[in-house]
2 protein chains.
Amino acid sequence: MPKQIRLNAFDMNCVGHQSPGLWTHPDDRADSYNTLEYWTDLARLLERGKFDALFLADVLGIYDVYKDSPRTALEQAVQVPVNDPMMLVSAMALVTEHLGFGVTCALSYELPYPFARRMSTLDHLTKGRIGWNIVTGYLESAARGMGLERQVAHDGRYDVAEDYMQAAYKLWEASWEDGAVLRDRKGRRFADADKIHRVRHEGPHFKVDAIHLSEPSPQRTPVLFQAGASTRGRDFAARHAECVFINGPSKKVIGGIAADLRRRAAAAGRDPSDLVIFTMMTVITDRTSRAAQDKYRDYLGHVSEEGALALMSGWTGLDFGAMRPDEVVRFTDKADAMTSALEAFTTADPDRTWTVGEIARHAAIGGRGPMLVGSGAEVADALLSWVADTGVDGFNLAYVLTPGSFADVVDLVVPELQARGVYKRDYAPGTLRQKLFGRGPRLPASHPAAAVRPGA
Amino acid sequence: MPKQIRLNAFDMNCVGHQSPGLWTHPDDRADSYNTLEYWTDLARLLERGKFDALFLADVLGIYDVYKDSPRTALEQAVQVPVNDPMMLVSAMALVTEHLGFGVTCALSYELPYPFARRMSTLDHLTKGRIGWNIVTGYLESAARGMGLERQVAHDGRYDVAEDYMQAAYKLWEASWEDGAVLRDRKGRRFADADKIHRVRHEGPHFKVDAIHLSEPSPQRTPVLFQAGASTRGRDFAARHAECVFINGPSKKVIGGIAADLRRRAAAAGRDPSDLVIFTMMTVITDRTSRAAQDKYRDYLGHVSEEGALALMSGWTGLDFGAMRPDEVVRFTDKADAMTSALEAFTTADPDRTWTVGEIARHAAIGGRGPMLVGSGAEVADALLSWVADTGVDGFNLAYVLTPGSFADVVDLVVPELQARGVYKRDYAPGTLRQKLFGRGPRLPASHPAAAVRPGA
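Residues numbered from 1 in each chain as written. Chains lettered and ligands numbered in written order. Predicted model: local features only at pLDDT ≥ 70, side-chain atom pairs only at ≥ 80, totals over all residues. Heavy atoms only, no water.

Engineer: Can you help me understand the overall build of chain A in this one?
Structural biologist: Along its length, chain A carries 15 helices and 13 strands. Here the C-alpha atoms of chain A give a radius of gyration of 22 Å, agreeing with the 23 Å that 2.2 N^0.38 yields for 456 residues. Viewed in the frame of its principal axes, chain A has a C-alpha envelope of about 70 × 55 × 45 Å. By sequence separation, contacts in chain A at least 24 residues apart represent 77% of the contacts at least 6 residues apart. (Helix = DSSP H or I, 4+ residues; strand = E, 2+ residues; numbered from the N terminus. Rg over C-alpha atoms; globule rule 2.2 N^0.38 Å. Contact = heavy atoms within 4.5 Å.)

Below is the structure:
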């Protein structure tokens with residue numbers, strides 16, 4: 001059987017996610033993000049299209065780097081207002097049976113003990129369909145919201161993250177043994193206390209001295225998602241992540257990142273195929289190639305280039321509002337502050353320069369990711385060639401309109417992929433982890449979380 | 001129209017809430033607490049019975065005071081395992097239209113900035129049906145889970161709470177003006193940035209310097225629930241709470257607490273009727289008085305008195321496991337550590353003494369609250385007399401079996417109350433706050449939150 005392509009939908013509990021301005025399109029429903037109906041309709045749609053998961057981005061701050069002000073972000077609804085993503089899961093789980101949920105939670109601001117319980121709760125309620133996108137945060141405005149003067153420096157954030165993961169693994173994997181829960185009504189014993197252990201973690205940043213509050217959930221540790229693009233971020237992903245989200249403007253860039261991630265995973269003692277790599281992609285499709293191009297032109301009439309610059313300024317920490325539109329952007333001098341946003345542009349073609357205006361136009365649809373415009377068959381072929389040429393496992397699909405962009409893929413691209421034998425016609429049974437990796441519901445012995453298990 | 005009686009259901013995202021051991025009863029479904037089906041069935045049932053709200057208790061620790069060990073709590077499932085209550089709300093909101101949700105969240109361990117967003121998110125998704133039960137925490141085991149040596153002293157916790165409320169009020173009430181959100185597709189402006197303000201809070205415990213991440217939700221500030229029983233707790237409730245949960249073994253005690261709370265609310269500049277006071281009650285009912293008594297006897301065969309002592313030890317901080325069953329408990333010497341659990345026993349009848357065994361038997365059904373056993377008509381009459389004699393507004397109903405105890409009340413007691421003209425036949429329109437107070441969706445001008453509003 002040819003390699004199966006995996007699809008995630010990329011959304012956020014906000015109005016304008018990756019395509020600033022498109023919320024003004026008459027067919028867009030993004031501004032009903034604050035209703036249950038939007039999310040349950042979306043979840044049903046994605047399950048109809050056999051998507052592996054809905055991946056929910058999040059950010060705990062406002063994009064106020066551009067022109068040193070939150071004005072553009074607020075006026076153009078650039079990822080603000082933004083509501084909490086975790087609160088959406090149980091309603092969507094109720095109307096679906098297989099769809100997974102990858103929820104972004106920044107570990108910088110919530111302690112492992114209550115956070116581990118939240119994830120265990122969601123894993124119970126979804127019967128093992130929860131994933132956690134591990135994020136360390138990148139906006140100064142988020143740190144100020146928390147009462148801090150400024151956020152922890154980039155590499156420092158990964159030290160914090162490493163310590164956090166150890167504490168969380170212990171709560172999920174080491175507190176309640178398998179078989180600790182008896183549910184023995186006749187014998188009047190709910191649990192065997194001898195098989196339940198107090199976790200003691202004394203790390204540089206976190207201390208825990210507690211029994212995990214939740215009984216073991218189907219997956220124990222949620223499926224771990226990560227999107228680190230820096231060297232330090234890739235090392236972290238290679239060590240901990242099961243699903244990695246990457247982003248880049250060309251196959252060359254993406255192929256390089258994917259190969260590098262698998263090398264690093266092998267170096268960390270893991271099977272390189274234990275990483276499922278999703279690359280970001282925006283798809284505009286219709287019945288015909290021409291209709292898709294027309295759709296694209298229609299969308300262009302609704303973009304907000306200023307919104308795109310607000311987004312890019314937030315991602316990179318560079319104020320594009322202090323530059324002229326025709327000014328060429330030089331990234332190298334602020335390399336430390338760079339996120340994948342800038343690496344995408346600079347590494348694609350080192351000889352090519354980008355002006356502020358070019359960046360704005362590029363980022364206004366699908367953020368910093370590449371875009372495919374074409375009929376269902378054309379898009380399917382293009383996705384196949386991306387997989388063949390880069391070694392990724394699938395795509396994290398951003399929307400232009402929601403739920404329209406997802407509906408178009410479900411109705412037009414998915415059948416083409418299925419006809420080519422590269423896309424499932426039915427979900428595999430079991431938890432999200434079982435569906436993704438075709439083995440048990442728990443992390444494999446080669447994962448660092450396994451080292452904290454009793455008897456490991 | 002006679003005064004209308006209000007009913008809340010009292011539950012917790014755990015197996016054994018207030019009636020230790022009853023999870024072993026063949027008709028009990030409490031151990032399916034970790035499924036969506038349990039919660040959506042319960043929510044539908046409560047809405048059928050026109051309950052005002054489902055009140056979800058929570059605790060972020062384990063009852064390990066008894067015999068200085070978590071063993072009894074774990075074996076008898078005494079409020080452990082306990083999952084996160086917030087994660088339940090969106091699924092229950094999806095299958096109901098009117099039921100409110102009062103969710104307990106301890107403010108000691110989550111910063112105002114992300115917490116305010118979580119509540120705003122739930123207020124959006126439920127269309128204004130969310131309430132927050134403000135808790136400061138009481139278990140040392142919770143503090144240890146958070147990496148602390150021990151919890152903040154009791155009165156200090158209320159200082160922290162006061163500061164927390166100020167920060168949260170500013171985020172909910174002062175950041176986005178009414179009219180800030182335009183959703184103007186034609187004019188391509190989502191919001192008017194001039195009407196959105198950065199909140200600056202510099203309190204003794206919390207600092208916030210941020211725009212609230214959520215646009216205004218129907219209620220802005222969630223309906224505020226509180227259950228403080230100490231003098232300091234009552235002052236806090238009188239100042240901030242809209243719904244107060246109280247508990248006590250007799251009408252005399254409850255009447256005294258209710259009157260005291262209303263006096264304190266008046267002293268704080270509020271209308272005493274702006275407090276909706278619920279007292280805890282456990283109801284065992286059936287078609288006839290005799291059938292109800294038989295049911296009670298059947299339940300008694302499933303109680304865990306040791307579980308009850310573990311619960312009481314956790315609530316009071318006194319290790320009842322270090323005492324003989326016939327030993328008389330003297331509470332006065334540890335008055336500072338007392339919660340309402342002990343005040344309930346000691347203030348009911350100052351001349352009566354209680355042995356450890358008597359406390360265990362009393363607390364094993366319905367925890368520390370009173371109990372009514374009888375036919376629907378008998379229970380309805382008793383509830384009416386409680387309201388008439390104490391001045392409370394309604395009842396926070398604990399279960400013996402779940403959802404059986406709630407179903408019995410819905411099917412047998414609610415129709416009797418309706419026939420007496422003291423219970424709604426339909427919900428009032430609007431948000432939870434509108435349903436409870438018969439005026440607008442926002443807090444009234446006399447509430448301290450109103451003082452932070454722009455132009456206040």
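Still more to cover.
Engineer: What is the right way to look at the relation of the copies chain B and chain A in this model?
Structural biologist: One chain copy maps onto the other through a rotation about an axis and a shift parallel to that axis. Each copy superposes on the other: chain B lies on chain A with an RMSD of 0.0 Å after a rotation of 180° and an axial shift of 0.0 Å. Seen this way, the second copy is the image of the first under a two-fold rotation axis. Within chain B, B:Ala91 has its C-alpha nearest the rotation axis, a separation of 1.9 Å. Interface residue correspondence from chain B to chain A reaches 100%, placing this contact among same-surface, isologous pairings. (Least-squares fit on C-alpha atoms with pLDDT ≥ 70 in both.)

Engineer: What am I meant to see in the interface of chain B and chain A here?
Structural biologist: Note on interface size: it is often stated as the accessible area lost on association of the parts. Contacts between chain B and chain A engage 82 residues on the former and 82 residues on the latter. For the chain B and chain A pair, buried surface summed over both sides reaches about 7,100 Å², with 55% attributable to carbon and sulfur atoms. When the buried area of chain B at its contact with chain A is split by residue, B:Met87, B:Arg185 and B:Arg188 rank highest and sum to 12% of it. Linking chain B with chain A are 20 salt bridges. A:Asp31 is the partner of B:Arg185 in a salt bridge, and the nearest nitrogen-oxygen pair spans 3.1 Å. (Buried area = accessible area lost by both parts, 1.4 Å probe. Salt bridge = Lys/Arg side-chain N within 4 Å of Asp/Glu carboxyl O.)

Engineer: Would you take a moment to explain the environment of A:Arg44 for this structure?
Structural biologist: Residues and elements named next belong to chain A. One can find Arg44 in helix 1 (residues 36–48). Given a relative accessible area of 44%, Arg44 falls into the partly exposed group. Distance in space between the C-alpha atoms of Arg44 and His447 is 32 Å, their sequence separation being 403 residues. The residues contacting Arg44, other than those within four sequence positions of it, are Val95 and Thr96. (Buried < 20%, exposed > 50% of the residue type's maximum accessible area, 1.4 Å probe, protein only.)

Engineer: Sorry if this is basic, but what is going on with the packing of aromatic side chains here?
Structural biologist: Working definition: an aromatic ring pair is given by the centre-to-centre distance plus the angle between the planes. All names here are of chain B. If you walk through the whole model with that rule in mind, you get 30 aromatic pairs over all chains. Considering the side-chain rings of Trp132 and Trp172, the 6.0 Å spacing of their centres and the 70° angle between planes classify their relative orientation as edge-to-face. Linking Trp132 in strand 4 (residues 130–135) with Trp172 in helix 6 (residues 154–174), this pair joins segments that are 40 residues apart in sequence. The same class applies to Trp132 as to Trp172, namely buried. Directly above the aromatic system of Tyr423 lies the positively charged group of Lys424, at a separation of 4.8 Å from the ring centroid. (Phe/Tyr/Trp six-rings, centres within 6.5 Å; stacked < 30°, edge-to-face > 60°. Lys NZ or Arg CZ within 6 Å of the ring centre and 35° of its normal.)

Engineer: Honestly, the side chain of A:Ser120 in this entry has me stumped. Any pointers?
Structural biologist: All names here are of chain A. Its location among the elements puts Ser120 in helix 4 (residues 112–125). A polar side-chain atom of Ser120 sits 2.8 Å from a polar atom in the side chain of His212. With near-sequence residues (within four places) excluded, Ser120 lies in contact with Trp172, His212, Ser214 and Ser217. (Polar contact = N/O pair within 3.5 Å; in protein donor to acceptor, adjacent residues only side chain to side chain.)

Engineer: Honestly, unusual backbone geometry in this entry has me stumped. Any pointers?
Structural biologist: Note on backbone geometry: most residues besides glycine have negative phi, and most peptide bonds are trans. In this model, A:Val80 is joined to A:Pro81 through a cis peptide bond whose omega is 0°. Relative to the helices and strands, A:Pro81 is located in the loop between helix 2 (71–76) and helix 3 (89–94). For the peptide bond that leads from B:Thr402 to B:Pro403, omega is 0°, which places it in the cis range. Checked against the element boundaries, B:Pro403 lands in the loop between strand 13 (394–398) and helix 14 (404–419). Even without a glycine there, the phi angle at A:Lys67 is positive, about 55°. Its place among the elements puts A:Lys67 in the loop between strand 2 (53–57) and helix 2. Even without being a glycine, A:Arg188 presents a positive backbone phi close to 55°.

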